[in-house]
Amino acid sequence: ARGMGDDIGKLILRITLGGLMLLHGIAKVIGGVAGVEKMLGGVGLPAALALGVYVGEVLAPLLVLLGFYARVGAGIIVINMLFAVLLAHRGDLFSLTRTGGWALELQAFFLLTALALAFMGPGRFGINRR
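Residues numbered from 1 in each chain as written. Predicted model: local features only at pLDDT ≥ 70, side-chain atom pairs only at ≥ 80, totals over all residues. Heavy atoms only, no water.

**Student:** Got a minute to help me understand the packing of aromatic side chains in this structure?
**Tutor:** Centre distance and the angle of the planes are the two values used to describe a pair of aromatic rings. Summed over the entire model, instances satisfying the criterion amount to two aromatic pairs. Between Phe 68 and Tyr 69, the aromatic rings sit 4.8 Å apart at their centres with planes inclined by 85°, giving edge-to-face as the arrangement. Look at Tyr 69 and you get partly exposed, because its relative accessible area is 32%. (Phe/Tyr/Trp six-rings, centres within 6.5 Å; stacked < 30°, edge-to-face > 60°. Buried < 20%, exposed > 50% of the residue type's maximum accessible area, 1.4 Å probe, protein only.)

Now the structure itself:
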């Protein structure tokens, strides 16, 4: 049987992932997505896809934070981060920072934490268990 500790751990992961990703979304709401539109255009994709950033960085983190269809929200964050890595960070995929960390450690954190939550679910401290 799962203990309360598992549910508290999932809540901590949800608050961390959802809260930190939402900050990126708020920045896009305030500053717009022109940079994302330019990156999409640069690889031949329609600029309108940039609106997906609002889904991946605002709506999905809210779902994760609330524990309301958190698996869906986490899955959307995974997709959002795959796009972010492929569009904005592919040149750093095999790079280290000057202090020895992986250049994509933040992106990897978001992607892999979201992937883990998509598999685990939100735990009991959410609106639903989906």
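**Student:** Explanation requested: the packing of helix H1 (residues 4–31) against helix H3 (residues 52–66) in the structure shown.
**Tutor:** Packed helices, taken two at a time, are described by the angle between their axes plus the distance between the axes. Two elements in contact, H1 and H3, have axes separated by 8 Å at closest approach and are oriented at 150°. Classified by the angle between their axes, H1 and H3 sit roughly antiparallel to one another. Crossing of H1 over H3 shows left-handed handedness. Judged by residue contacts, Arg 14, Ile 15, Leu 17, Gly 18, Gly 19, Met 21, Leu 22, His 24, Gly 25, Lys 28 and Val 29 of H1 engage Val 53, Tyr 54, Gly 56, Glu 57, Val 58, Pro 61, Leu 62, Val 64, Leu 65 and Leu 66 from H3. Of the residues contributing to the contact of H1 with H3, the split by class is 13 nonpolar, five polar and three charged. (Axes fitted to C-alpha atoms, helices over the stretch in contact; angles between N-to-C directions. Helix = DSSP H or I, 4+ residues; strand = E, 2+ residues; numbered from the N terminus. Parallel < 35°, antiparallel > 145°, perpendicular 65-115°, else oblique. Left-handed = near helix turned anticlockwise from the far one by under 90°. Contact = heavy atoms within 4.5 Å. Nonpolar A, V, L, I, M, F, W, Y, C, P; charged D, E, K, R; others polar.)

**Student:** Where do I start with helix H5 (residues 105–120) in this structure?
**Tutor:** The periodicity of an α-helix, 3.6 residues per turn, causes residues three or four places apart in sequence to face the same way. The first and last C-alpha atoms of H5 sit 22 Å apart over 16 residues, in line with the 22 Å expected at 1.5 Å per residue. Among the residues of H5, Gln 107, Ala 108, Phe 110, Leu 111, Thr 113, Ala 114 and Leu 117 are the ones counted as buried. In the stretch just after H5, Gly 121 is the one whose phi turns positive, near 85°. (Expected span 1.5 Å × (residues − 1).)

**Student:** Sorry, what's going on with the pattern of salt bridges here?
**Tutor:** Where side chains of opposite charge bring their charged atoms close, a pairing between them can arise. Per the stated rule, a full pass over the model turns up two salt bridges. For Lys 28, the salt bridge is made with Glu 57, and the minimal N-O distance between the two is 2.9 Å. Of this pair, Lys 28 sits in helix H1 while Glu 57 sits in helix H3, placing them 29 residues apart in sequence. By relative accessible area, which is 19% here, Lys 28 ends up buried. (Salt bridge = Lys/Arg side-chain N within 4 Å of Asp/Glu carboxyl O.)

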